[in-house]
Amino acid sequence: QVQLVESGGGLVQAGGSLRLSCAASGRTFSDYRMAWFRQALGKEREFVAAISRNSGRTYYADSVKGRFTISRDNAKNTVYLQMNSLKPEYTAVYYCAASTYNTVDYYNGDLYGYWGQGTQVTVSS
């Protein structure tokens, strides 16, 4: 098991940048595929980005590819989401998630068994 705590959210003007962090407990952080999801008010949770256990492969939702970058530092038990060129429609609660599954369905939130509490990102126009 692993505990996840997100940080780095806040209020930012459209076009600005934020860097989210997700700190994980435990000594086997590298065993987990990590991902970011988000959920806007009144909408379903959606996949944002994922990174493999060994940091060798990343995946992005089409809506954020080229704007967001996911990375991880296994030595620090932390995964990051660098968000650039933010748009108001990106406003949501962003959640960090961890999975032990080996699957190509990296976008499926049901396969992630561990979730953080979320951090609010609000982009004003």
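Our subject is the structure listed above.
Here's a quick rundown of the structure. (Residues numbered from 1 in each chain as written. Predicted model: local features only at pLDDT ≥ 70, side-chain atom pairs only at ≥ 80, totals over all residues. Heavy atoms only, no water.)

**Some points on the environment of Asn74**
Right, on to step 1. Mapping Asn74 onto the fold places it in the loop between strand E7 (68-73) and strand E8 (78-83).
Right, on to step 2. Residues Asn74 and Thr28, spaced 46 residues apart in sequence, show a C-alpha to C-alpha distance of 8.8 Å.
Right, on to step 3. At a separation of 3.5 Å, a polar atom in the side chain of Asn74 contacts the main-chain carbonyl oxygen of Arg53. (Helix = DSSP H or I, 4+ residues; strand = E, 2+ residues; numbered from the N terminus. Polar contact = N/O pair within 3.5 Å; in protein donor to acceptor, adjacent residues only side chain to side chain.)

**Some words on the packing of aromatic side chains**
Right, on to step 1. Scanning the entire structure with this criterion turns up nine aromatic pairs.
Right, on to step 2. For the pair Tyr59 and Tyr106, a centre-to-centre distance of 4.0 Å together with 20° between the ring planes defines the contact as stacked. Of the two residues, Tyr59 is situated in strand E6 (residues 58-60) and Tyr106 in the loop between strand E9 (92-99) and strand E10 (114-115); the sequence distance between them amounts to 47 residues.
Right, on to step 3. For Tyr59, a relative accessible area of 19% puts it in the buried group.
Right, on to step 4. Above the ring of Phe37, the side-chain terminus of Arg45 is found at 5.7 Å from the ring centroid.
Right, on to step 5. Cation over ring: Arg72 sits above Phe29, and NZ or CZ is 4.4 Å from the ring centre. (Phe/Tyr/Trp six-rings, centres within 6.5 Å; stacked < 30°, edge-to-face > 60°. Buried < 20%, exposed > 50% of the residue type's maximum accessible area, 1.4 Å probe, protein only. Lys NZ or Arg CZ within 6 Å of the ring centre and 35° of its normal.)

**Brief notes about the state of the cysteines**
Right, on to step 1. As enumerated under the stated definition, the model contains one disulfide in all.
Right, on to step 2. The disulfide bridge from Cys22 ends at Cys96, spanning 2.1 Å between sulfur atoms. Handedness here is read from the sign of the S-S torsion; for Cys22 and Cys96, about -80°, the answer is left-handed. Remark: Cys96 occurs in strand E9 and Cys22 occurs in strand E3 (residues 18-24); sequence separation between them is 74 residues. For the pair Cys22 and Cys96, a shared accessibility class is recorded, and that class is buried. (Disulfide = S-S within 2.5 Å.)

**Regarding unusual backbone geometry**
Right, on to step 1. Notably, Asn77 is not glycine yet its phi reads approximately 55°, a positive angle.
Right, on to step 2. Relative to the helices and strands, Asn77 is located in the loop between E7 and E8.
Right, on to step 3. For Asn77, a relative accessible area of 17% corresponds to the buried category.
Right, on to step 4. In this structure, Ser85 is a non-glycine residue whose phi angle is positive, near 50°.
Right, on to step 5. Note that Ser85 resides in the loop between E8 and E9.
Right, on to step 6. Ser85 gets classed as partly exposed once you look at its relative accessible area, which sits at 38%.

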